[in-house]
Each structure stands twice: as C-alpha cells, then as structure tokens.
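Listed below are the residues making up each chain.
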Amino acid sequence: MKEITKETIEKTLTALRKNQMQAYYCATKEEAKAKVAELLQKGDTVTHGGSVTLAQCDIPSLLRNGNYTYLDRSQEGLTREQIEEIYRKAFFSDVYLTSSNAITENGMLFNVDGNANRVAALLFGPKSVIVVAGINKIVADLDEAFDRLRTIASPKNTQRLNCQTYCAKTGECISCKNPDSQLGDGCFSEQRICCSYTVCSFQRKKDRIKVILVGEELGY
C-alpha cells in the first residue's frame, strides 16, 4: 500500500462531498462499524454485496442484531435461486452496503462486478447506499484505479473465490501484457469477475451515497 497522507484523505473527502456524496473518515474498522450503525435506522431493510471489507469491519454481525430486516445472502443452505432472489430484493431495500474497488482523489467511485448485482444496486434502487473502504483503495485517478483492478483487486478476489482465471493463476490481468490495453480488456474465462464497469461521479440525488473511509488497509 502506498503511503496515504492526511492531505490526500482530506482532498478525497472534500471531492466526494462536492460530488454530492456524504463522506466520513474513521480511524479504525471499529469506528467504521459504529458509524454504519449511526447511519442505519431501526427497522431498515438492509443487505450488501460480497465484500471482504465489510466482513473485516464485522458489519454482518451488526446487521444480525435484530434491529433490522437483514436480507442475508450468506445464510447456510440457500440455493442459487434463493441467492439471486435476494439480489433482486436488494433493489427495494432501505440501505445497501458495499465497498469500492477504488476511490479517486477527485471523488469518484470505481467499481467492477461479475454478476453486476452489486454495481446495479450501487447505481439505482436502494434508498441509501453505504460504501465502506480502507484508505488503501484511494488512487490518484481512473487510470490508477484501472491498474489497481488489474494487479490487486481482481487477482486477489479471484484467488479468494477459487475462480479459474488468468489473473488468479498469475497475479495480474492478461491485459497487463498489452501496453495498449483499454478498459474492459481481459480474459474470456466463464468465471471472469470484471464484466461490468461503473464510475460514480457527481450524484443527482444528494447524499444517497455515503462513503466511509477507514484509516486502515482493508479488503482488496
């Protein structure tokens, strides 16, 4: 992880707010969990995408405490059809939680998804979206966000999910071999996880997206 200065964090928070997203800084994952609880209302219907960051912050246990209607995709015994039904119900939730693959210093969220359920809910549907991200996700610009995806986020996540992809085996996207590669280039594996790319910049619906930057290295 490159050194992230206080000035860089403040610049990123200011830019997120300028793009009409709420933005907070929490020094630790414990503080981040408390901030999430503060942003939730008792009785909210809540759910989330797959996220190492949320697990590291112990967010699922918060959602299971009985104060919320939790659409839990990780329940034991769920069939693929039941999981996909939760994906669809997520669009009608009060709050959707996720992390981000990268956050630029000028206040943009860069995300890539395989099934697209996570990025779809980020863009539209849930009344409120809470993004929790470690400061290791902060990048200078979209070019650096793309590089981060190809060399860190995708390889580590495909390895975690036991996907049979080029990046899982080599530690970097196959597009890294081509100096002229463009956004969207990659392998043709059926288990590829970088299928749908989104960038969130200025938001029409002010404060729908809330970003919590955590002063630790979290997730991929």
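Above this text is the structure in question.
Residues numbered from 1 in each chain as written. Predicted model: local features only at pLDDT ≥ 70, side-chain atom pairs only at ≥ 80, totals over all residues. Heavy atoms only, no water.

Draft legend 1. Here's a closer look at the overall build of the chain. Assigned secondary structure in the chain consists of 8 helices and 10 strands. Principal-axis analysis of the C-alpha atoms gives the chain an extent of 50 × 45 × 30 Å. Taking all 220 residues of the chain together, the buried fraction comes to 50%. Across the chain, contacts joining residues at least 24 apart in sequence account for 73% of those joining residues at least 6 apart. Of the roughly 11,000 Å² of accessible surface on the chain, 48% is carried by carbon and sulfur atoms. Treating the 29 positive side-chain charges of the chain as one cloud and the 27 negative ones as another, the clouds have centres 4 Å apart. (Helix = DSSP H or I, 4+ residues; strand = E, 2+ residues; numbered from the N terminus. Buried < 20%, exposed > 50% of the residue type's maximum accessible area, 1.4 Å probe, protein only. Contact = heavy atoms within 4.5 Å. Areas by Shrake-Rupley, 256 points an atom, 1.4 Å probe, with all protein chains shown as cover. Lys, Arg positive; Asp, Glu negative; His and termini not counted. Charge placed at Lys NZ, Arg CZ, Asp CG, Glu CD.)

Draft legend 2. Quick peek at the pattern of salt bridges. The tally for this structure, following the rule as stated, stands at 9 salt bridges. The salt bridge involving K29 is made with E216; its shortest N-O contact spans 3.3 Å. Taken together, the residues K29 in helix α2 (residues 29-39) and E216 in the segment after β10 (209-214) connect sequence positions 187 residues apart. A residue is classified by how much of its surface remains accessible, and K29, at 26% relative accessible area, is partly exposed. (Salt bridge = Lys/Arg side-chain N within 4 Å of Asp/Glu carboxyl O.)

Draft legend 3. Representation of the environment of A37 in the model. Mapped onto the secondary structure, A37 falls in helix α2. For A37, a relative accessible area of 28% puts it in the partly exposed group. Between the alpha carbons of A37 and Q203 there is a distance of 24 Å; along the sequence they are 166 residues apart. Those residues within four positions of A37 in sequence are excluded, and the remaining contacts are L62 and Y68.

Draft legend 4. Quick look at the sheet that holds strand β3 (residues 69-70). Taking strand neighbours across the sheet as the criterion, the 6 strands line up as β1-β10-β7-β4-β2-β3 in an open arrangement whose pairing is parallel. A strand with exactly one partner marks an edge of an open sheet, and here the two such strands are β1 (22-26) and β3. Alignment of β1 against β10, held across 5 bridges, turns out to be parallel. Paired with Y25 across the strands is L213, a residue of β10. Strand contacts of α2: β1, β4 (95-98), β7 (128-134) and β10, with the helix running at about 160 degrees to β10, the strand carrying the most contacts. (Pairing = 2+ DSSP bridges. Axes fitted to C-alpha atoms, helices over the stretch in contact; angles between N-to-C directions.)

Draft legend 5. Structural view of the layout of surface pockets. As a volume, the largest pocket reaches approximately 910 Å³. Taken together, 40 residues form the lining of the largest pocket, with G50, S51, R73, R160 and L161 sitting closest to its centre. When contributions to the lining of the largest pocket are tallied by element, the ones reaching two or more residues are α3 (52-56), α5 (80-89), β6 (109-113), α6 (117-123) and α7 (142-160). Per-element tally for the lining of the largest pocket: the top contributor is α7, with 5 residues. Looking at side-chain class alone, the lining of the largest pocket contains 14 nonpolar, 18 polar and 8 charged residues. (1 Å grid on protein atoms, 1.4 Å probe; cavity = no way out; pocket = protein on both sides within 12 Å on 5 of 7 lines; lining within 4 Å. Points joined across faces, edges and corners; volume = space filled by probe spheres on them. Nonpolar A, V, L, I, M, F, W, Y, C, P; charged D, E, K, R; others polar.)

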